[in-house]
Amino acid sequence: MKIGKSIKYLGITTLFVFSFHFSTHEILAESIAEEDESAPEVSEEEAEQGNEEASEEVTEESAEVDETVPEEEPNDAEEDSQEADATESVEDEQQESTEEVEQQEVKAAAAKTTSDSPFQKGKRHKDTVVIKERLAILGYWDSSNPTTLYGSQTEAAVKEFQKAQKLSVTGIVDDSTWSTLERLATGPLRNPMYREDAIPLKEKLELLGFGSFAKTDYYASKTEKAVRDFQAYFGLGVDGIAGNNTISKLNSEASTPLQSGKRDDKTVQLKEYLHTLGYWDSKSGTTLYGSQTTKAVKEFQKDFGLKASGVADSKTWAKLKQEATGPLKNPMYRDDAKTVKADLQRLGFGSFTLTDYFGSQTEKAVRDFQKQYGLTVNGIVNDATKKKLSEAANVPFRKGVRHKDTVKLKEMLYVVGLWDSKSGTTLYGSQTAKAVKEFQSAQKLAVTGIADPTTWSRLESAATGPLKNPMYRDDVVSLKKDLVKLGFGDFAFTDYYGSQTAKAVKQFQSYYGLSADGVVGKGTTSKMESIINSPYQKGKSASKISDYKKMLRNLGYSKGITTTKYFGATTEKRVKEFQKDNGLRVNGILDEVTIKALEDLEVDNVIYRETSYNISLNDQLNKQLSLNPPPQTDKYANSPAYVKTADASFYTGGAITGSRVNVRTAPDTSKNNVAATLAKGTQFEYVKNVKGTSVSGSTTWYEIKYKGDTLYVHSSLASKNKTIAKMKSSTTVYASKSTSGHVFYKLSKGSEATVESKGSTWTQINGKTWRNAKASEVKQYLDPAKQDEFQHLVLSESVRLPGSEISKVLTGKGVLEGQGNAFVKAAETHNVNEIYLISHALLETGHGKSALAKGIEVGKNSSGKPVLVTSSNRSSLSNIKKVHNMFGIGAADSDAKRLGAIKAYNEGWDTVEKAIVGGAKFIGERYIHNQYNQDTIYKMRWNPANPGYPQYATDMAWASKQISNIKSMYGQLNNPRLVFDIPEYK
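Here, residues in each chain are numbered from 1, in the same order as that chain's written sequence. Totals for whole chains, interfaces and linings use all residues, but because this is a predicted model, local features are given only for residues with pLDDT of at least 70 and pairs of side-chain atoms are given and counted only at 80 or more. By convention in this description, side-chain values take in all heavy atoms of the structure and omit both hydrogens and water.

## Considerations on the overall build of the chain
- Helix and strand counts for the chain come out as 37 helices and 31 strands.
- Think of it in three bands: with a 1.4 Å probe and only protein chains considered, a residue is buried below 20% of the maximum accessible area for its type, exposed above 50%, and partly exposed in between. Counting only residues that meet the buried cut, the chain has 46% of its 986 residues in that class.
- The criterion used for residue contact is that any of the two residues' heavy atoms lie within 4.5 Å. For the chain, the proportion of contacts with a sequence separation of at least 24, taken over those separated by at least 6, is 55%.
- Residue-level accessible areas treat just the shown protein chains as cover; the underlying method is Shrake-Rupley with a 1.4 Å probe. Carbon and sulfur atoms make up 47% of the accessible area of the chain, which amounts to about 47900 Å² in all. Helix numbering and strand numbering both begin at the N terminus, where a helix is a DSSP run of H or I of at least 4 residues and a strand a DSSP run of E of at least 2.

Here it is, written out as structure tokens:
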């Protein structure tokens, strides 16, 4: 229906808007009493005029009835008119009775059957006026002067309303139509509606910046959009309907005194906030909210992404207060800026006019301060910056101040060569300030001469850290003695570490495969201590000494040497001769370089052993086949698998049809959102089709439920109508359609499998990837003679190569690169083969690039419990360290990063080397040095000493798959030592 001019329904607007709690018939009765007295009435005489009345009704209802009236219509209309007039006459008499009787009559009229309803074409009833007024509100009527006649146009409007509301389309106002019409017309404003309260609603929306409107009573799409914007802006439910919550919020925001032309004490505070943020010229102001205030508020609102209405609504006030009272930043005008500037100036971060203005110059100084003190660099004086600035600016270590710790400061300055003596007084004088400035300049700190916390920390680190040039410290004396003993240099044993000492340290580092930087760090100290305390030197005994003596004898250094385990003076002399002849450092100690040289000159570097077991190969095979599960294989992953049809029930469901299909948290392949990778045949619950990114020309995806999660899979990789077999009881899966065929596995009762084809006797299912291997196949992998010899490599034997050689296989392996010496140390300490350790580490760390490998920070909380460090808890934790875990020790799949990091923290693995050496202990104990001596890959898989337990895999080909990386790494080494142990079955 075309909607014409809206009506202003007389006297009834307030009733409909504010009297929702009244019953239908109470509203009816009240609306009768409030009808406009000027509304046309039909007299009894008019009922007698027959066809003339019908003609008048056309004029009275303003095109309510079509101008072309069927010939039989006047008689029907006359009868309807007479009936309606009779009803009106009765009702006029009833007006003299009590209100209770009147309401009962109205209720009775409304309860008539549809055929007797007064609200149908051709009838009259006073409440037809009410119906038309409500139709007008909802846009189905366009007359401003409705009558009591229910004509064809009224009927058409009612039908249109009934159709829109999915009611029975009869054109007759029954109880359901009446109640729906009443509910919508008197309910909250929504699109489309014509009602007078739309005007003040528009005015308030416009005031608050939500659009500009013609002030009519029409609530249409533009008004609805403004209401939606208002609801979203203030966090209300967004539906475009002006319900109670929306009206309440709108009234509240529009009635704020913080708007143009009003006065309020709060306006004074608002102007102070605006001044703080640079939007108002002075700190003070009056209570008047004038045009200048409105302009300033608009500017603030625009800058902070708020509705630029000029009215300080609740969101504007909250944001204004937050910014004005929050941390100092650029630009702001606030008294505490003076203190910040003074502190920055005192610490050497600029020179300022001490006003309350915090501008770009102050921001830059704050950034410089934050950078130097290890704070978040943002130029904002947050709590952390404010606290650190105050601490730094008020330290007692400044010119003219005495403090007991100034003595310690001078001692540290002496160590780094900036003070003349080891001792000093408590006075921080001009010479102290000068020395501190020199140190600050060298360290690229702010040069203030004040020993602030950063300067103190840096000085303490330098003075107590690794020895380097130049330094004066007592431990330099012992360092020099050790260097001389190991054949590096000749010194006066003073506490001065100068260029000569640094040169000798670099030579030592280079010789033993360390980074030659001349700094005596932990690696250098550890290496030096290991050689100084070597078991292979004069006065010591060790089992391997006899082996090394044999090597010396074989190489011609045999004079006076007996092949015992004792290292005496004669052995030392022969070792020195060997070192001198081979261009090595002459120190008489069998250090790693000397041992490597000895081994390189040996003729036989490959050793074969045999170990006999009290079990035959066939008995071993039968034992393996009796295990649950027996040896498995994936070679049949794509082969047919069959179950008896009678053993299963069937239904239709969702299943993966592709191989290794990614299911995602959203239907989008452009993002890193893979939740799981599913094998072909995996079942899921289909939910619905959705659109997503295009795959193979299709944008159709399935929303699915998998293990309780809502996920998405592309339609080309799955089916929503796949037949699923559910096992009625424990069911055998066969390799063929015969119960005498090979058994792949068993499915338990209730297990499900995707059906490939269903027959009357046998059903082919999508089988598991891993299935029982055949006996003949298992025997091929079990026979030691048929395996690659690297399956029998003894993993407790070292390759006997220096760290520099081992590092060849670590090139490009993340944090493991260059860690050859660490693996050598781990092998020596825990008797685990270096290459086996590296193979484990590469697997567990993703080639040295996992988070656990690169390091995760852990600290202790207030309860002393180690937890992962986050930005939110860092300040509350103590003893924070970055720790590493190279072998996944303790890193259970349920929470690998956290558990692995906490294990590393508890073990003290705060360097890559510590993680390698410390983790090797667990690898050795777990895999090699157990009671069954499973020190080869073959023994780990088949355990001939105790078949069945422990065995580290069920895959029959596991051992053959493990050795490729180990063989490849051995191939990169120059003449590594190889020891093989071949099992011998009886």
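What follows continues from the structure just given.
## What to know about the nonpolar core
- In terms of nonpolar packing, the biggest core is built from 70 residues, with Leu135, Leu138, Leu205, Leu270, Leu274 and Leu344 touching the most fellow members.
- Looking at which element gives the most residues to this core, the answer is helix H7 (residues 128–137), with five residues.
- When residues no more than four places from it in sequence are discounted, the contact partners of leucine 274 are Tyr279, Trp280, Ala296, Val297, Phe300 and Leu320. Nonpolar core, defined: a set of buried Ala, Val, Leu, Ile, Met, Phe, Trp, Tyr and Cys residues in which side-chain atoms within 4.5 Å join the residues together.

## Notes on the side chain of lysine 939
- Inspection of the secondary structure assignment puts lysine 939 in helix H36 (residues 937–942).
- N or O atoms within 3.5 Å of each other form a polar contact, as long as, within protein, one can give a hydrogen and the other can take it, and as long as residues adjacent in sequence are counted only when both atoms are side-chain atoms. In terms of polar contacts, lysine 939 uses its side chain to reach the side chain of aspartate 935, at 2.9 Å.

## Here we look at the sheet that holds strand E30 (residues 878–883)
- Strand order in the open sheet formed by three strands is E29-E28-E30, with antiparallel pairing between adjacent strands. In this open sheet, the two edge strands, each paired with only one partner strand, are strand E29 (866–868) and E30. Averaged over neighbouring strand pairs, the angle between their axes works out to 30° when direction is ignored.
- In this description, strands pair whenever DSSP reports at least two bridges between them. Summarising the sheet, strand E28 (residues 856–860) and E30 pair through four bridges and their orientation is antiparallel. In the strand pairing of E30, isoleucine 856 is matched with valine 883. All axes here are fitted lines through C-alpha atoms, helices being fitted over the stretch that makes contact, and every angle between N-to-C directions spans 0 to 180 degrees.

## A look at the pairing of strand E22 (residues 718–727)
- The sheet contact formed by strand E16 (residues 648–656) and E22 spans eight bridges and is antiparallel. Residue pairing in the sheet places alanine 655 in a bridge with serine 719 of E22.
- As judged from the three bridges shared by E22 and strand E25 (residues 752–758), these two strands associate in the antiparallel manner. Directly across from lysine 726, in E25, lies its bridge partner glutamate 752.

## What to know about the pairing of E16
- Sheet topology note: the E16/strand E19 (residues 683–695) ladder contains two bridges and is antiparallel. Paired with glycine 654 across the strands is phenylalanine 684, a residue of E19.

## Overview of the layout of surface pockets
- Computed from the structure, the largest pocket encloses a volume of approximately 1300 Å³.
- Buried and open spaces are told apart on a 1 Å grid over the protein atoms alone, a cavity being a set of points where a 1.4 Å probe fits but cannot get out and a pocket being an open set with protein on both sides within 12 Å along at least five of seven lines. Residues with an atom within 4 Å of a point are the lining residues. If you trace the largest pocket, you find 50 residues lining it, with Lys527, Glu592, Asn821, Lys825 and Glu828 closest to the centre.
- Of all the secondary structure elements, the ones that give two or more residues to the lining of the largest pocket are helix H24 (522–532), helix H27 (592–600), helix H31 (820–830) and helix H35 (912–928).
- It is H31 that contributes the most residues to the lining of the largest pocket, eight residues altogether.
- Considered class by class, the residues forming the lining of the largest pocket number 15 nonpolar, 19 polar and 16 charged. Grid points are joined across faces, edges and corners, and a volume is the space filled by probe spheres set on the points. Here the nonpolar group is Ala, Val, Leu, Ile, Met, Phe, Trp, Tyr, Cys and Pro; Asp, Glu, Lys and Arg are the charged ones; every other residue, Gly included, is treated as polar.

## Points about H7
- Counting buried residues along H7, ten of its ten residues qualify, which places the element largely inside the surrounding structure.
- Phi turns positive, to about 85°, at glycine 139, one or two residues after H7.

## Let's talk about the packing of aromatic side chains
- Pairing of aromatic side chains here covers Phe, Tyr and the six-membered ring of Trp, requires ring centres within 6.5 Å, and sorts the geometry by plane angle: under 30 degrees stacked, over 60 edge-to-face, intermediate tilted. If you walk through the whole model with that rule in mind, you get 32 aromatic pairs.
- Taken together, a centroid distance of 5.6 Å and an interplanar angle of 70° make the contact between phenylalanine 210 and tyrosine 233 edge-to-face. Of this pair, phenylalanine 210 sits in the loop between helix H10 (198–207) and strand E4 (218–219) while tyrosine 233 is found in helix H11 (residues 221–233), placing the two residues 23 residues apart along the sequence. We note that phenylalanine 210, like tyrosine 233, is buried.
- Ring pairs connect the aromatic residues Phe210, Phe230, Tyr233 and Phe234, which therefore count as one cluster.
- A ring has a charge above it when a Lys NZ or an Arg CZ is no more than 6 Å from the ring centre and no more than 35 degrees off the ring normal. Taking NZ or CZ as reference, lysine 921 lies 5.5 Å from the ring centre of phenylalanine 922, over its face.
- Over the aromatic face of tryptophan 942 sits the side chain of arginine 941, whose NZ or CZ is 3.9 Å from the ring centroid.

## Some words on the confidence of the model for the chain
- Residue-level pLDDT values for the chain average 86, and 88% of them are 70 or greater.
- Per-residue confidence from the predictor is given as pLDDT, running between 0 and 100. Confidence drops under pLDDT 50 across residues 1–113; counting only partners more than four residues distant or on other chains, this segment forms 155 contacts.

## Points about the environment of glutamine 951
- Considering the arrangement of structural elements, one finds glutamine 951 in the loop between H36 and helix H37 (958–971).
- Owing to a relative accessible area of 18%, glutamine 951 belongs among the buried residues under this scheme.
- For the pair formed by glutamine 951 and glutamine 934, sequence separation is 17 residues and the distance between their alpha carbons is 9.3 Å.
- Every residue in contact with glutamine 951, bar those within four places of it in the chain, is listed here: Gln624, Leu627, Met940, Arg941, Trp942 and Asn943.
- Here glycine 948 takes part through its backbone nitrogen, which lies 2.8 Å from a polar atom of the side chain of glutamine 951.

## Here's the deal with the pattern of salt bridges
- The rule for a salt bridge is simple: a side-chain nitrogen of Lys or Arg has to be within 4 Å of a carboxyl oxygen of Asp or Glu. For the structure shown, the criterion picks out 37 salt bridges.
- Notably, a salt bridge pairs lysine 635 with glutamate 777, separated by 3.1 Å at the nearest N-O pair. Residue lysine 635 is found in the loop between strand E14 (632–633) and strand E15 (641–644), and its partner glutamate 777 is found in helix H29 (residues 775–782); the two are separated by 142 residues along the sequence.
- With relative accessibility at 52%, the residue lysine 635 sits in the exposed group.
- Under the relative-accessibility criterion, glutamate 777 is labelled buried at 14%.
- For aspartate 955, the salt bridge is made with lysine 961, and the minimal N-O distance between the two is 2.7 Å.

## Overview of the environment of aspartate 335
- Looking at where aspartate 335 falls in the secondary structure, it is placed in the loop between strand E7 (332–333) and helix H16 (336–346).
- Remark: the alpha-carbon pair of aspartate 335 and phenylalanine 358, spanning 23 residues in sequence, is separated by 9.6 Å.
- For aspartate 335, the side chain forms a polar contact with the side chain of lysine 283, separated by 3.0 Å.

## A look at the environment of arginine 926
- The topology assignment puts arginine 926 in helix H35.
- Judged by relative accessible area, arginine 926 falls into the partly exposed class, the value being 41%.
- Ignoring any residue separated from it by four or fewer positions in sequence, one finds arginine 926 in contact with Ile889 and Tyr952.

## Re the packing of helix H19 (residues 406–415) against helix H21 (residues 453–464)
- H21 packs onto H19 with a crossing angle of 50° between their chain directions and a minimal axis gap of 9 Å. In terms of axis orientation, H19 runs oblique to H21. Regarding H19 and H21, the two cross each other, and that crossing is left-handed. Judged by residue contacts, Lys408, Leu409, Met412, Leu413 and Val415 of H19 engage Trp456, Leu459, Glu460 and Ala463 from H21.
- Among the residues forming the contact of H19 with H21, the class breakdown is seven nonpolar, no polar and two charged. An angle counts as roughly parallel when it lies under 35 degrees, as roughly antiparallel when it exceeds 145, as roughly perpendicular when it falls between 65 and 115, and as oblique in every other case. Note on convention: near helix rotated counterclockwise from far helix by under a right angle means a left-handed crossing. Clockwise means right-handed.

## Digging into the side chain of serine 715
- Inspection of the secondary structure assignment puts serine 715 in the loop between strand E21 (709–714) and E22.
- The exposure class assigned to serine 715 is buried, which follows from its relative accessible area of 18%.
- At 2.9 Å, the side chain of serine 715 and the backbone oxygen of threonine 700 are in polar contact.
- If sequence neighbours within four positions are ignored, serine 715 has contacts with Ser698, Thr700, Trp701 and Tyr702.

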